[in-house]
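Next come the chains, spelled out residue by residue.
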Amino acid sequence: MAGIRWLPPLGLMMMTLLCCWLLGSGIPTTLEGPFEPVSVPLDTSFRGIAVDLPDSDPRVKRMVTGWMPEQVMVSLSDEHSSVWISWTTGEYQIGYKIKPLDPRRVASVVQYGEEKSASRREARGHSLIYSQLYPFEGLQNYTSGIIHHVRLTGLRPNTRYYYRCGDPSRRSMSEIYDFKTMPASDPRSYPGRIAIVGDLGLTYNMTSTISHMESNKPDLVLVVGDLTYANLYLTNGTGADCYSCAFPHTPIHETYQPRWDYWGRFMQHLASKVPMMVVEGNHEIEEQHGNRTFESYSARFAFPSKESGSSSTFYYSFNAGGIHFLMLGAYIDYSKTCEPDQYRWLERDLAKVDREVTPWLVAAWHPPWYSTYKAHYREAECMRVAMEELLYKNSVDVVFNGHVHAYERSNRVYNYLLDPCGPVHIVVGDGGNREKMAIPHADDPDNCPDPLSTPDTHMGGFCAFNFTSGPAAGKFCWDRQPDYSAFRETSFGHGIFEVKNETHALWTWHRNQDMYNAVGDQIYIVREPEKCPIRPKVTNTFAD
């Protein structure tokens, strides 16, 4: 791990000018923190009840025929020089008797180049199908269209490329799309705007979130889990706001897989031109025959797992300019003692990070460690206990999560204590999904949940014990908004992360009910590498 980067006179001048501008901008910085906790009262003017788009909406209907591509999307590889192009051909099938398509019937080809003709270069990839099968009478099975993934390599940084995808031998090539590559990994080079959003679903509120997000012209989109909410539906297409409430006697937690196809069609307008990176949430579990899970999530998206040394679609890393992103899995083993594949991978990945090249270290996963809402309160405590020290000792700067259907930003925190070297934790689970908004806080009177009710069975273990120090010592919840919670509000929205240089990044949260350029919360997150150096490697004291 590298130390502090020396700045030439011009760099020092620019830093001085930036600091002077920040002082006059009126936007707070983390250097002024920790801040007194702020809790914004519920705004009853916004639509808190979300309604799903019906399958008759033209934005989710299949508009192509034959083997023409649809659901086109771009995702990043580990570096600027490579991206993935993904799409689907053919029609899905749902019913009691289905016959999977043969992926070998259609080639996976991308023609691309820097000219608008998109014909200078050609790349080939692989294709697959997946099925969602239920061995119960009356439940319909599903098999997907053919899903294609093609990796483009040898790309130049910060360059616009034009492409089309499909099978030229079948005269089934898409229209021409375009995307812009990430900047090269360098401490002076960053994407302009990175949109962060979570818990989207496919509702009218979600469409407002995406519209607001597109108006901010992001260069990269991160979706921190819970994408389609297909598992709020039975296999016959009947949906509900609360699956367990509406369907308490189903033999298995059913899903309506066509919602994935609807979501891919709706998102194509954005995802075909702006790289989109995703990480799994609990709504992607989707259990089926043979105890298989996450089949749709793992099949439909391309992940830079192999490129980043990961053996799983649940966790991986990538660079975007001078930022190194860690995408971590909460629904796969994260311990350092039992089956420590993810933990060992994370140790190796962090050991390779050069903070002179990528000064910013950003982590993302679905369930938050620091949320003060009653919903999912301390649900991911075992993950925090297992991994927080490793992230802290490697000076992770910011953590993004979803899961809780509200917005919250923490002060810098580590192990529930205010710490100037801890990361800022930001929850953006407010993308607009069909489930209820998170409104009650765990610190409200009579709202502290029973500790035994907090573990998620898919995450394993019980670690949420009473606090042992601070104002809440001996209690499971605070009796006021905790000191580590800087700002919280229940509203739909999204966030924009803009890294300005090696030490300063602007975070802005936008509410859906506001005008497009309005700000709900804003702060400069400031790194202090001289105060918070990389700590020695965390060692495992347990025998393997």
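Now for a quick tour of the structure. A quick note: this is a predicted structure, and the numbers were derived from the prediction, not measured. Per chain, residue numbering runs from 1 following the sequence as it is written. Confidence filtering applies because this is a predicted model: local features only for residues at pLDDT of at least 70, side-chain atom pairs given and counted only at 80 or more, and all residues used for totals across whole chains, interfaces and linings. Here the side-chain values reflect all heavy atoms present in the structure, with hydrogen atoms and water set aside.

## Here we look at the state of the cysteines
And step 1. Any two cysteine sulfur atoms lying within 2.5 Å of each other are counted as a disulfide. According to the stated counting rule, one finds four disulfides in the structure shown.
And step 2. There is a disulfide in this structure between cysteine 382 and cysteine 463, and the S-S distance comes to 2.1 Å. Measuring handedness by torsion sign, the sulfur bridge of cysteine 382 and cysteine 463 sits at about 95° and is right-handed. Residue cysteine 382 is found in helix H7 (residues 381-393), and its partner cysteine 463 is found in the loop between strand E24 (424-428) and strand E25 (485-489); the two are separated by 81 residues along the sequence.
And step 3. For cysteine 448, the disulfide goes to cysteine 477, at an S-S distance of 2.0 Å. In this structure, the disulfide formed by cysteine 448 and cysteine 477 twists by about 80° around the S-S bond and is classed as right-handed. Numbering of helices and strands runs from the N terminus; a helix is a DSSP stretch of H or I covering at least four residues, while a strand is a stretch of E covering at least two.

## Observations regarding the packing of helix H6 (residues 341-352) against H7
And step 1. In contact at an axis separation of 11 Å, H6 and H7 are set at 5° when each is read in the N-to-C sense. By the angle between their axes, H6 is roughly parallel relative to H7. Within the contact between the two elements, H6 uses Gln342, Tyr343, Leu346, Glu347 and Leu350 and H7 uses Ala386, Met387, Leu390 and Leu391.
And step 2. Any residue outside Ala, Val, Leu, Ile, Met, Phe, Trp, Tyr, Cys, Pro, Asp, Glu, Lys and Arg is labelled polar, Gly included; the first ten of those are nonpolar and the last four are charged. Taken together, the residues that form the contact of H6 with H7 break down as seven nonpolar, one polar and one charged. Under this scheme, a helix contributes an axis fitted over its contacting stretch, all axes are lines through C-alpha atoms, and angles between N-to-C directions fall in the 0 to 180 degree range. An angle below 35 degrees is read as roughly parallel, one above 145 as roughly antiparallel, one from 65 to 115 as roughly perpendicular, and any other as oblique. Contact definition: two residues touch when any of their heavy atoms are within 4.5 Å.

## What to know about the packing of aromatic side chains
By convention here, two paired aromatic rings are described through the distance between centres and the angle between planes.
And step 1. To pair, rings of Phe, Tyr and Trp, with the six-membered ring standing in for Trp, must have centres within 6.5 Å; the planes then decide the type, stacked if under 30 degrees apart, edge-to-face if over 60, and tilted in the middle. Inspection of every chain in the model, using the stated rule, returns 33 aromatic pairs.
And step 2. Consider the rings of tyrosine 416 and phenylalanine 467, whose centres lie 4.9 Å apart with planes at 85°: the pair is edge-to-face. With tyrosine 416 in the loop between strand E22 (413-414) and strand E23 (417-418) and phenylalanine 467 in the loop between E24 and E25, this residue pair connects regions lying 51 residues apart in the sequence. You'll find tyrosine 416 and phenylalanine 467 in the same group, each marked buried.
And step 3. Linked through ring pairs, Trp260, Trp263, Phe294, Tyr297, Phe301, Phe303, Phe314, Tyr316, Phe318 and Phe325 together constitute an aromatic cluster.
And step 4. Stacked on the ring of phenylalanine 467, the Lys or Arg arginine 378 has its end atom at 4.4 Å from the ring centre. Here's how the labels work: a residue is buried when its accessible area is under 20% of the maximum for its type, exposed when over 50%, partly exposed in between, all with a 1.4 Å probe on protein chains only. In our convention, an over-ring charge means Lys NZ or Arg CZ found within 6 Å of a ring centre and within 35 degrees of that ring's normal.

## Focus: the sheet that holds strand E9 (residues 141-143)
And step 1. Taken together, the three strands give an open sheet; going across it, the order is E4-E9-E8, and neighbouring strands pair in antiparallel fashion. Either end of the sheet is taken by a strand with one partner, and the two such strands are strand E4 (93-95) and strand E8 (131-132).
And step 2. Any two strands between which DSSP finds at least two bridges are classified as paired. Bridge count between E8 and E9: two bridges; the pairing is antiparallel. Across the sheet, the residue bridging to glutamine 132 is tyrosine 142, located in E9.

## Some details on the sheet that holds strand E14 (residues 194-197)
And step 1. One open sheet holds the six strands; their spatial order is E16-E15-E14-E26-E27-E28, and the pairing between them is mixed. Either end of the sheet is taken by a strand with one partner, and the two such strands are strand E16 (276-278) and strand E28 (521-526). Between one strand axis and the next, the sheet turns by 20° as a mean value, whatever way the strands run.
And step 2. In terms of strand pairing, strand E26 (residues 493-499) meets strand E27 (residues 504-511) through seven bridges, oriented antiparallel. Considered in E27, the bridge of glycine 493 is made with arginine 511.
And step 3. Along the sheet, helix H2 (residues 204-215) contacts E14, strand E15 (220-223), E26 and E27; its crossing angle with E26, the most-contacted strand, is approximately 25°.

## Focus on the pairing of E24
And step 1. Burial analysis of E24 places five of its five residues in the buried class, the great majority of the element.
And step 2. Side chains of E24 alternate between two faces, with Val424, Ile426 and Val428 and His425 and Val427 buried alike.
And step 3. Note that strand E20 (residues 398-401) and E24 share four bridges and pair parallel. Looking across to E24, one finds that phenylalanine 400 is bridged to isoleucine 426.

## Structural notes on the pattern of salt bridges
And step 1. Note on definitions: salt bridges are taken to be side-chain nitrogens of Lys or Arg within 4 Å of carboxyl oxygens of Asp or Glu. Scanning the model with the defined rule gives 33 salt bridges in all.
And step 2. Among the ionic pairs, glutamate 498 bridges to lysine 500, the shortest N-O distance being 3.4 Å.
And step 3. Taking relative accessible area as the criterion, lysine 500 reaches 41% and is therefore assigned partly exposed.
And step 4. A single network of salt bridges, built from pairs that share partners, joins Asp52, Asp241, Arg259 and Arg434.

## A short note on the environment of asparagine 216
And step 1. With respect to the element layout, asparagine 216 can be found in the loop between H2 and E15.
And step 2. A sequence separation of 280 residues divides asparagine 216 from isoleucine 496, and the C-alpha atoms of the two residues are 8.0 Å apart.
And step 3. Not counting the four nearest positions on each side in its chain, asparagine 216 is found in contact with Arg193, His494, Ile496 and His510.

## Some words on helix H4 (residues 258-271)
And step 1. The first and last C-alpha atoms of H4 sit 19 Å apart over 14 residues, in line with the 20 Å expected at 1.5 Å per residue.
And step 2. To obtain the bend at a residue, axes are fitted to the seven residues ending there and to the seven starting there, and the angle between these axes is taken. Within H4, the axis deviates most sharply at arginine 265, by approximately 30°.
And step 3. The element H4 is largely enclosed, with a buried count of 13 among its 14 residues. One fewer than the residue count of a helix, multiplied by 1.5 Å, yields its expected span.

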